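Now for the letters of each chain:
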Amino acid sequence: MKTEVHAYHVHPRQESVETDPKFMTPSEIKAFKPHPWVELKDMPHAVARSRTRMEVAGVWAPNQILGRRYSIGCVALEITQRCNLDCTLCYLSEHSESVKDIPMEEIFRRIDQIKLQFGASNDIQITGGDPTLRKRSELMEIVRYIRKIGMRPTLMTNGIAATRDMCEELVKNGLNDIAFHVDLTQERKGYKTEMELNKFRKDYIERVRGLPIAVIFNTTVFKENFHEIPDLIRFFKANTDVVGMASFQLQADTGRGVLKKRDEVISLETVSEKIQEGAGIPISFDTARIGHPKCHKYGLTLEANGKLFDFFDDPTLFNMLIEKTRTLELDRTNKVKLAKNVINWLGQNPDFLFPAFKFAFRKLMEMKWDILKARRVGKLSFFIQNFMDASSLELDRIHACSFMVMTPQGPISMCMHNAKRDDYILQPIKLKSEQVWQPLTGKTEGCCSSEEKKDC
Ligand code: SF4
């Protein structure tokens, strides 16, 4: 069993009788370490390291995006543990509210490390708690810095404090995407159905309408809203002029949430069926593989005249595409640049022209009347995230993880982080000044200046 791959460490299993062998034991979870800190010389190997992770986890395949085009799906950067909601499926811990916001120096240290670990042009999710509760000037500085070093900042928020004015300022500072979390687990007073919560979704859509950012809506799926997924899809379908992605997180028993184990009706398969019911078409959710197939499903559709059209219905072409376009930059927020890059690339890869045009022509014929009627084409993608319960972590999925959180020691799978969050958020942090920041007081202790050093 290979144990050391570049800077990535593969954890061997420990035998145990207590837990289901499929799941990691409490002592294995306790012992599990983040991926070690890397240096600048390691950055060029980011995609290769991810390929090794996929191979070790046994999920490398012709349709695997990680380790080919991308090194990671995204990395969460938690800039506060505070929140202005207390969702029934919250992944924060009971200690989160009492933890002060980590120092900006530490945030920049983590951002720099994310780039070294995964390479440039990757998504950094600015999250928490709710990041809009961080001091506004600091939030803007964080967005600006992420953009400045060539990464893509995404804001994850429940939208309550994300005013139009704040969204405009965030965009000015380089924000790429905004993901609004709206669903019944938030227990917003007086709202009993997801359809009633469309009032907030419409409000948030108007807050960002016309801004050059990608807009995502996140929905946690649990027993109470599972049946409303088709109506939700119809709502997003009617708003593709602003909304580009609908993301669904399946209930997981982790963190301080009061709702524990998910209902058996909820799975990657059943949620993808509900999405297709709302979409009114079959969607190719198995064409693209992002990390471990038990972790996600991803589908992409085009929208015209209120109808959706499956975009990933040619898996052979898809596999050829991701293999051949490893280095082609696709900037979602700049459609003109994206189109230019694709046309240039086609010019340099003539053998690809025929399959590409055949595909485009087929799509055009499928959509022609709807495009003529609507005079525009929208895009709506669907992402389903199958988080693991804290007590049911599967090591191969952790190894193939595409969604990591940055800790003081390095990146770690979101599922693993949530299972032992206090191990990271309650850690004192050593600063450049050798002083130590204390999470529960927010105070910085220990002597730092040469003046003080003399007195120690
Ligand atoms: S966060 Fe969990 S469910 Fe998501 S990719 Fe990582 S291991 Fe899989």
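The residue numbers shown here count from 1 along each chain, following its written sequence. Whole-chain, interface and lining totals are the exception, using all residues; otherwise, since this is a predicted model, local features are given only for residues with pLDDT of at least 70 and side-chain atom pairs are given and counted only at 80 or more. Side-chain measures were taken over the full set of non-hydrogen atoms in the model, leaving aside hydrogen atoms and water.

To qualify as a helix, a DSSP run of H or I must reach at least 4 residues; to qualify as a strand, a run of E must reach at least 2; elements of each kind are numbered from the N terminus. For Cys401, the position within the fold is in the loop between helix H12 (395-399) and strand S12 (403-407). Accessible area is worked out with a 1.4 Å probe on protein chains only. A residue is then buried under 20% of its type maximum, exposed over 50%, and partly exposed in between. Cys401 sits in the buried class, given a relative accessible area of 8%.

Let us look at the sheet that holds strand S15 (residues 436-437). A pair of strands is labelled paired if DSSP reports no fewer than 2 bridges between them. The sheet built from 3 strands is open, its strands ordered S14-S15-S16 with antiparallel pairing. The open sheet has two edge strands with one neighbour each: strand S14 (429-430) and strand S16 (444-445). Where S14 meets S15, 2 bridges bridge the pair, whose relative direction is antiparallel. Bridge pairing links Ile429 to Trp437 in S15.

Throughout this description, the term salt bridge denotes a Lys or Arg side-chain nitrogen within 4 Å of a carboxyl oxygen of Asp or Glu. Counting across every chain of the model gives 37 salt bridges. The salt bridge involving Lys274 is made with Glu277; its shortest N-O contact spans 3.6 Å. Placement of the pair is Lys274 and Glu277 together in helix H8 (residues 268-279), with a separation of 3 residues, close to one helical turn. Of the residues examined, Lys274 reaches a relative accessible area of 19% and is grouped as buried. Its relative accessible area of 45% is what places Glu277 among the partly exposed residues. With a shortest N-O distance of 3.3 Å, Glu366 and Arg362 are connected by a salt bridge. Of this pair, Glu366 and Arg362 both sit in helix H11 (residues 353-374), 4 residues apart, which is roughly one turn of the helix.

The next point concerns empty space enclosed by the protein. Buriedness for pockets is judged along seven lines, at least five of which must meet protein on both sides within 12 Å for an open set on the 1 Å grid over protein atoms alone, while cavities are sets there where a 1.4 Å probe fits but cannot get out, and lining residues have an atom within 4 Å of a point. Grid points are joined across faces, edges and corners, and a volume is the space filled by probe spheres set on the points. Considering all chains together, one arrives at 3 cavities of 30 Å³ or more under this definition. Residue lining of the largest cavity: 20 residues in total, with Glu78, Gln81, Ile102, Arg110 and Ile425 positioned closest to the centre. Mapped onto the lining of the largest cavity, the elements with two or more residues apiece are S12 and helix H14 (422-425). With 3 residues, the top contributor of residues to the lining of the largest cavity is S12. Throughout this entry, Asp, Glu, Lys and Arg are counted as charged residues, while Ala, Val, Leu, Ile, Met, Phe, Trp, Tyr, Cys and Pro are counted as nonpolar. The remaining residues, Gly among them, count as polar. Of the residues belonging to the lining of the largest cavity, the class tally is 11 nonpolar, 5 polar and 4 charged. Looking at the second largest cavity, its volume works out to about 110 Å³. Looking at the second largest cavity, it is lined by 14 residues, and the ones nearest its centre are Cys295, His296, Gln385, Cys401 and Cys415. Of the residues belonging to the lining of the second largest cavity, the class tally is 8 nonpolar, 5 polar and 1 charged.

Here we take up the site of the ligand. Around the ligand, the structure places 13 residues, and the nearest of them are Cys295, Gln385, Asn386, Cys401 and Cys415. If over half the atoms of a molecule are within 2 Å of the grid points of a cavity or pocket, the molecule is regarded as sitting in it. More than half of the atoms belonging to the ligand lie within 2 Å of the grid points that define the second largest cavity. Residue composition of the shell around the ligand, by class: 7 nonpolar, 5 polar and 1 charged. Working definition: residue near molecule or strand if any one of its non-hydrogen atoms lies within 4 Å of it.

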